[in-house]
Amino acid sequence: MTTQDGLLIVGEDLCEQLVGRQQAFDAVQSVFGAMANGGARNFPVIREALGYADALYGFKSGFDRDGQVLGVKSGGYWPGNAEQGLTNHQSTVFLFDPDTGRLSALVGGNYLTAVRTAASSAVSIAHLARKDAKVLGMVGAGHQSAFQLRAAAEQRDFEKVVAWNPHPDMLPRLAAVAEEIGLEFEAVSQQELGAQSDVIITITSAFEPLLMKDWIKPGTHLACMGTDTKGKMEVDPALVVSATVFTDEVTQSATIGEAQHAMGSGTLTETQITPIGAVINGDHPGRSSADEITLFDGTGVGLQDLAVASVAARLADEAGLAQRATL
């Protein structure tokens, strides 16, 4: 991809057309590995309340030296968007030429955020869940949950999905996805979800524990994907402490991820949190026994967005489908 012919503009529809679950999985797995070996680095996140429209707005950026990807994702959360028929999460990715600093591409970030978040939990399942996992538990049934379910279902031979959501009227949409991919579906209580599930994905915006330690059976893998801000919480801090904890980025896990509460109480230290990239690279064994509870704290890092946006830009450029402009 060159900047000589102008700026590439890759819209949402084109991203969805070109970047599927496998491309997202490969890109996210690769960048997690690069982060763990020092070949890629996220820069400090800026995230602020606007004091207008109840919106949060911020920037995530970084540089993947191994993949030669430099950029920034700009966007946030507008809670009133759903009433206007818009996605609450809105974002755009700006990619720059690492050799010159010139802007090389503008890439729609909404679909890519959803698919890369699902890819992140899927990577954790691929590397940490028991091979014989049969029941997938879903806590949360919002927009992101369908992406999570589809990506997770490709990592193990699941036979059934059990799900809970604070608003039960949203569960039929998730049930329809399960039916479409050939999985039995059951709406259950939180306790029953823990009792049945071999793998659990939490994808909510909760500020209180939705799953307690005593509800989780031995050998479960949890992918906690909703906590990405100070104060948020999806699971019992005692569950985090009892599990072997992996994450996308240790610093974010400790400060804005699911581990923040255990860290704050002094029951967990940063040395007890392992980057998932270390497992990907073969530097950490990952799961050590069939009874071990593993937990992936998916906080969401800018390099994930840059990785999938770079794939979208490259594929659009190769196919001659992207618009071009000159600044």
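Overview of the structure. (Residues numbered from 1 in each chain as written. Predicted model: local features only at pLDDT ≥ 70, side-chain atom pairs only at ≥ 80, totals over all residues. Heavy atoms only, no water.)

## Notes on the overall build of the protein
Applied cut-off: Helix and strand assignments come from DSSP, with helices taken as H or I runs of at least 4 residues and strands as E runs of at least 2, each series counted from the N terminus. As a reference, a globule follows 2.2 Å times the number of residues to the power 0.38, and the radius of gyration itself is taken over C-alpha atoms. Accessible area is worked out with a 1.4 Å probe on protein chains only. A residue is then buried under 20% of its type maximum, exposed over 50%, and partly exposed in between. Contacts: residue pairs with any heavy atoms within 4.5 Å of one another. Per-residue accessibility takes into account occlusion by the displayed protein chains alone, with areas from the Shrake-Rupley method and a 1.4 Å probe. Counting rule applied: Lys, Arg positive; Asp, Glu negative; His and chain ends not counted. Charge coordinates come from a single atom per side chain, which is NZ of Lys, CZ of Arg, CG of Asp or CD of Glu.
For the protein, the count of helices and strands is eleven helices and 18 strands. Taking 20 Å as the expected radius of gyration for a compact globule of 327 residues, we find that the protein reaches 19 Å, a close match to that expectation. Seen along its three principal axes, the alpha-carbon backbone of the protein occupies a region of about 60 × 40 × 40 Å. Residue burial in the protein is summarised as follows: out of 327 residues, 54% are buried. Expressed as a percentage of contacts within the protein between residues at least 6 apart in sequence, the contacts between residues at least 24 apart total 70%. A total accessible area of about 14100 Å² is found for the protein, and carbon and sulfur atoms account for 50% of it. Computed over 22 positive and 39 negative side-chain charges, the separation of the two mean positions in the protein equals 2 Å.

## A word on the environment of Gly75
Positionally, Gly75 belongs in strand E5 (residues 69–77). Between the C-alpha atoms of Gly75 and Tyr57, which are 18 residues apart in sequence, the distance is 5.6 Å. In this structure Gly75 touches Leu56, Tyr57, Gly58, Gln90 and Ser91, once residues within four positions along its chain are discounted.

## Looking at the side chain of Thr220
Relative to the helices and strands, Thr220 is located in the loop between strand E12 (207–211) and strand E13 (221–224). Those residues in contact with Thr220 that sit more than four places away from it in its chain are Arg130, Ser197, Asp198, Ile200, Arg287, Glu292, Ile293 and Thr294.

## Some thoughts on the environment of Ala141
Tracing the backbone shows Ala141 in the loop between strand E8 (135–139) and helix H4 (143–153). Here the alpha-carbon distance between Ala141 and Pro168, two residues 27 residues apart in the chain, equals 8.5 Å. Once you skip the residues sitting within four places of it in the chain, Ala141 turns out to touch Asn165, Met170, Leu171, Arg173 and Leu174.

## Considerations on the packing of aromatic side chains
Formally: Centres within 6.5 Å are what make two rings of Phe, Tyr or Trp a pair, Trp counting through its six-membered ring; a difference in plane orientation under 30 degrees is then read as stacked, over 60 as edge-to-face, and the rest as tilted.
The final tally for this structure, using the stated rule, is four aromatic pairs. Judged by centre distance (5.2 Å) and plane angle (75°), the rings of Tyr57 and Phe59 are edge-to-face. Given the relative accessible area of 29%, Tyr57 is considered partly exposed. Given the relative accessible area of 34%, Phe59 is considered partly exposed.

## Here's the deal with the pairing of strand E17 (residues 294–297)
Filter applied, for reference: Pairing between two strands requires that DSSP report at least two bridges joining them.
Going residue by residue along E17, you find Thr294 and Phe296 tucked away on one face and Leu295 and Asp297 tucked away on the opposite face as well. Sheet topology note: the E13/E17 ladder contains four bridges and is parallel. When the sheet's bridge partners are listed, Cys224 is paired in E17 with Asp297. Pairing of strand E15 (residues 244–247) with E17, which is carried by four bridges, proceeds in the parallel orientation. Of the residues in E17, the one forming a bridge with Phe246 is Phe296.

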